Amino acid sequence: MSVYEAILELIGPVPAGYEPIAWIFAGLVLLYLLCSVFSIIASVVNWIAGK
């Protein structure tokens, strides 16, 4: 399942002509999730390294 499909399940069908907005929103959510994951990984690496 893609982020776009998950958002469509959450908000329901997108009206015709507004699909680009849904794609932009899905991209922003994906970017936020990636930043969060990399932040957690960096925190774990810093904790292991003793910083």
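Along each chain, residues carry numbers from 1 onward, in the same order as the chain's sequence is written. Selection of residues for local features in this predicted model requires a pLDDT of at least 70, selection of side-chain atom pairs for listing and counting requires 80 or more, and totals for whole chains, interfaces and linings are taken over all residues. Excluding hydrogens and water, the side-chain figures rest on all heavy atoms present in the structure.

Trainee: For this particular structure, what's the right way to read the overall build of the protein chain?
Mentor: A run of H or I in DSSP becomes a helix once it reaches four residues, and a run of E becomes a strand once it reaches two; helices and strands are each numbered from the N terminus. Each helix and strand counted, the protein chain has two helices and zero strands in total. Atoms counted for the radius of gyration: C-alpha only. Globule rule: 2.2 Å times residue count to the power 0.38. On C-alpha atoms alone, the protein chain measures out to a radius of gyration of 16 Å, which is more than a quarter above the 10 Å that the 2.2 N^0.38 rule sets for 51 residues. Each principal axis of the C-alpha atoms in the protein chain carries an extent, and together these give about 55 × 15 × 15 Å. Three labels apply to residues, based on accessible area from a 1.4 Å probe with only protein chains included: buried if under 20% of the type maximum, exposed if over 50%, partly exposed otherwise in between. With 51 residues in all, the protein chain has 10% of them scored as buried. Accessible surface for the protein chain amounts to roughly 4300 Å². Of this, 75% is attributable to carbon and sulfur atoms. Surface accessibility follows the Shrake-Rupley procedure with a 1.4 Å probe radius. Residue values consider only the protein chains on display as shielding.

Trainee: Sorry, what's going on with the packing of aromatic side chains here?
Mentor: Here a ring pair, both rings aromatic, is described through the centre-centre distance and the interplanar angle of the planes. Only rings of Phe, Tyr and Trp enter the pairing, Trp through its six-membered ring, and a pair is recorded when the two centres are within 6.5 Å. The plane angle decides the type: under 30 degrees is stacked, over 60 is edge-to-face, the rest tilted. A complete count under the given rule lists one aromatic pair for this structure. When the ring of Y4 is compared with that of W23, the centres are 4.0 Å apart and the planes differ by 5°; the resulting orientation is stacked. Residue Y4 is located in helix α1 (residues 3-11), and its partner W23 is located in helix α2 (residues 19-49); the two are separated by 19 residues in the primary sequence.

Trainee: Is there a simple way to explain α2 in this structure?
Mentor: Counted at 1.5 Å a residue, the expected span for α2 with its 31 residues is 45 Å, and the 45 Å between its end C-alpha atoms agrees. Directly beyond the C-terminal end of α2, a positive phi value near 85° is found at G50. Expected helix span is given by 1.5 Å per residue-to-residue step, counting one fewer step than there are residues.

Trainee: Please explain the packing of α1 against α2 as it appears in this structure.
Mentor: For any two helices packed against each other, one specifies the inter-axial angle together with the distance between the axes. Throughout, an axis means a line fitted to C-alpha atoms (over the contacting stretch in the case of helices), and angles, computed between N-to-C directions, take values from 0 to 180 degrees. α2 packs onto α1 with a crossing angle of 115° between their chain directions and a minimal axis gap of 9 Å. One finds that α1 runs roughly perpendicular with respect to α2. In this structure, α1 meets α2 at a crossing whose hand is right-handed. Touching V3, Y4 and I7 of α1 are E19, A22, W23, F25, A26, V29 and L30, all from α2. Asp, Glu, Lys and Arg are counted as charged, while Ala, Val, Leu, Ile, Met, Phe, Trp, Tyr, Cys and Pro are counted as nonpolar; the rest, among them Gly, fall into the polar class. Across the contact of α1 with α2, the residue classes tally to nine nonpolar, no polar and one charged. For this classification, under 35 degrees means roughly parallel, over 145 means roughly antiparallel, 65 to 115 means roughly perpendicular, and everything else is oblique. Rotating anticlockwise by less than a right angle from the far helix to the near helix defines a left-handed crossing, while the corresponding clockwise rotation defines a right-handed one. Contact definition: two residues touch when any of their heavy atoms are within 4.5 Å.

Trainee: Explain the environment of S36 here, please?
Mentor: Mapped onto the elements of the fold, S36 is located in helix α2. Residues S36 and P20, spaced 16 residues apart in sequence, show a C-alpha to C-alpha distance of 24 Å.

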